[in-house]
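Residue-level listing of the chains:
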Amino acid sequence: MDKFMNVQDHFYMQLALEEARAAYVKGEVPVGAILVAGNQVIARAHNLRESQNDPTAHAEMVVIREASRLLNKWRLSDATLYVTLEPCVMCAGALVHARIPRLVFGCFDPKAGACGSLMNIPHDNQLNHRIEMDSGCLEQECSHILQQFFSELRIQKKTVLSCH
């Protein structure tokens, strides 16, 4: 087990991985998110950018919108967000604005991550809210599904190019 994670974190990250797999099947970048409050899953989502033609339809944004709608409040101050990939600038900002107190993510995103990789929005002292973060929960599984997806995408692109 990861050094900072507990059984509960692993359980919820497995659910986030199920969402990532659902995204994969749809041809979406396989990122999944679960929002939990009081040991209850409030909302679950995966990336929908391609199918909705919406650049904001990241798994985190979709799950925050859904949870806010279901709970009829925008402050999610008693929730934990589980996501398979380190949130980007947009999503990290949304976490801060939603007042989510805890974030657990699987693998880092060295190209777009804003929770430790390129910057650290959840710990920025200039903002009015800070987020407790735990990274590396089921990191290998979360990283593997992304690597597999992009590997297959590269093969598909090569096949299309070689047919022309």
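Cut-offs and rules
- Position labels on residues start from 1 in each chain and follow its written sequence.
- Totals for whole chains, interfaces and linings use all residues, but because this is a predicted model, local features are given only for residues with pLDDT of at least 70 and pairs of side-chain atoms are given and counted only at 80 or more.
- Side-chain metrics in this entry use all non-hydrogen atoms of the structure; hydrogen atoms and water are not considered.
- Numbering of helices and strands starts at the N terminus; helices are DSSP runs of H or I of at least 4 residues and strands are runs of E of at least 2.
- The atom set for the radius of gyration is the C-alpha atoms, and the globule formula is 2.2 Å times the number of residues raised to the power 0.38.
- Between buried and exposed lies partly exposed: a residue is buried under 20% and exposed over 50% of the maximum accessible area for its type, with that area taken using a 1.4 Å probe on protein chains only.
- A pair of aromatic rings is counted whenever rings of Phe, Tyr or Trp (Trp by its six-membered ring) have centres within 6.5 Å, and the orientation is called stacked for planes under 30 degrees apart, edge-to-face for over 60 and tilted otherwise.
- Pairing of N or O atoms within 3.5 Å defines a polar contact, subject to two protein rules: one partner must be a possible hydrogen donor and the other a possible acceptor, and residues neighboring in sequence count only if both atoms are side-chain atoms.
- Contact criterion: two residues are considered in contact whenever any of their non-hydrogen atoms come within 4.5 Å of each other.
- When DSSP finds at least two bridges between two strands, those strands are taken to pair.
- Here, axes are lines fitted to C-alpha atoms. For helices the fit covers the stretch in contact, and angles between N-to-C directions go from 0 to 180 degrees.
- A side-chain nitrogen of Lys or Arg and a carboxyl oxygen of Asp or Glu constitute a salt bridge if their distance falls within 4 Å.
- Two joining distances apply to patches: 9 Å for like charges and 5 Å for nonpolar side chains (Val, Leu, Ile, Met, Phe, Trp, Tyr), and every residue must have over 30% relative accessible area and no salt bridge.
- Shrake-Rupley sampling with a 1.4 Å probe provides the accessible areas, and residues are treated as covered by the protein chains on show and by no other component.

**Notes on the overall build of the chain**
Turning to step 1, where the next piece is worked out: From N to C terminus, the chain includes 5 helices and 5 strands.
Turning to step 2, where the next piece is worked out: Taken from N to C terminus, the helices and strands of the chain fall in the order α-β-β-α-α-β-α-β-β-α.
Turning to step 3, where the next piece is worked out: The C-alpha radius of gyration computed for the chain amounts to 16 Å, which stays within 12% of the reference 15 Å derived for 164 residues, consistent with globular compactness.
Turning to step 4, where the next piece is worked out: Taking the principal axes of the C-alpha coordinates as reference, the chain spans close to 55 × 35 × 30 Å.
Turning to step 5, where the next piece is worked out: Within the span of the chain, comprising 164 residues, buried residues form 48% of the whole.

**A look at the packing of aromatic side chains**
Turning to step 1, where the next piece is worked out: According to the stated counting rule, one finds 5 aromatic pairs in the structure shown.
Turning to step 2, where the next piece is worked out: Pairing Phe149 with Phe150 gives two aromatic rings, centres 5.2 Å apart and planes at 85°, and the pair type is edge-to-face.
Turning to step 3, where the next piece is worked out: Given a relative accessible area of 32%, Phe150 falls into the partly exposed group.
Turning to step 4, where the next piece is worked out: One aromatic cluster is present, built from ring pairs that chain together Phe11, Tyr12 and Tyr82.

**As for the side chain of Glu19**
Turning to step 1, where the next piece is worked out: Along the chain, the position of Glu19 falls in helix H1 (residues 7-25).
Turning to step 2, where the next piece is worked out: Judged by its relative accessible area of 11%, Glu19 falls in the buried class.
Turning to step 3, where the next piece is worked out: Within the structure, Glu19 has its side chain in polar contact with the side chain of Arg44 (distance 2.9 Å).

**Comments concerning helix H4 (residues 89-97)**
Turning to step 1, where the next piece is worked out: Within H4, burial applies to Cys91, Ala92, Gly93, Ala94, Leu95 and Val96.
Turning to step 2, where the next piece is worked out: Buried residues along H4 sit in contact with helix H3 (59-71), strand S3 (79-85) and strand S4 (102-107).
Turning to step 3, where the next piece is worked out: Looking at the residues trailing H4, positive phi occurs at Arg99, about 60°.

**Examining the sheet that holds strand S5 (residues 132-135)**
Turning to step 1, where the next piece is worked out: As summarised here, the arrangement of the 5 strands in space is S2-S1-S3-S4-S5, forming an open sheet in which the pairing is mixed. Looking at strand neighbours, the two that pair on one side only are strand S2 (40-46) and S5, the edges of this open sheet. Here the strands of the sheet are splayed against their neighbours by 15° on average, with no regard to which way each runs.
Turning to step 2, where the next piece is worked out: Helix-sheet contacts for H3 involve strand S1 (32-37), S2 and S3, and the interaxial angle to S2 is about 140°.

**Details of the pattern of salt bridges**
One side chain can pair with another of opposite charge once the charged atoms of both are near each other.
Turning to step 1, where the next piece is worked out: Summed over the entire model, instances satisfying the criterion amount to 6 salt bridges.
Turning to step 2, where the next piece is worked out: For Asp9, the salt bridge is made with Arg102, and the minimal N-O distance between the two is 2.7 Å. Of this pair, Asp9 sits in helix H1 while Arg102 is found in strand S4, placing the two residues 93 residues apart along the sequence.
Turning to step 3, where the next piece is worked out: By relative accessible area, Asp9 is classed as buried at 1%.
Turning to step 4, where the next piece is worked out: Residue classification places Arg102 among the buried positions, given a relative accessible area of 15%.
Turning to step 5, where the next piece is worked out: Here Arg44 makes a salt bridge to Glu19, at a shortest N to O gap of 2.9 Å. With Arg44 in strand S2 and Glu19 in helix H1, this pair connects stretches of sequence that are 25 residues apart.
Turning to step 6, where the next piece is worked out: Residues participating in the shared-partner salt-bridge network are Asp9, Arg102, Glu132 and Asp134.

**A few points about a nonpolar patch on the surface**
Turning to step 1, where the next piece is worked out: A cluster of nonpolar residues, Val89, Leu118 and Met119, forms a patch on the protein surface that exposes about 260 Å² of accessible area.
Turning to step 2, where the next piece is worked out: Note on placement: Leu118 falls in the loop between S4 and S5.

That's the geometry; what it means functionally is another story.
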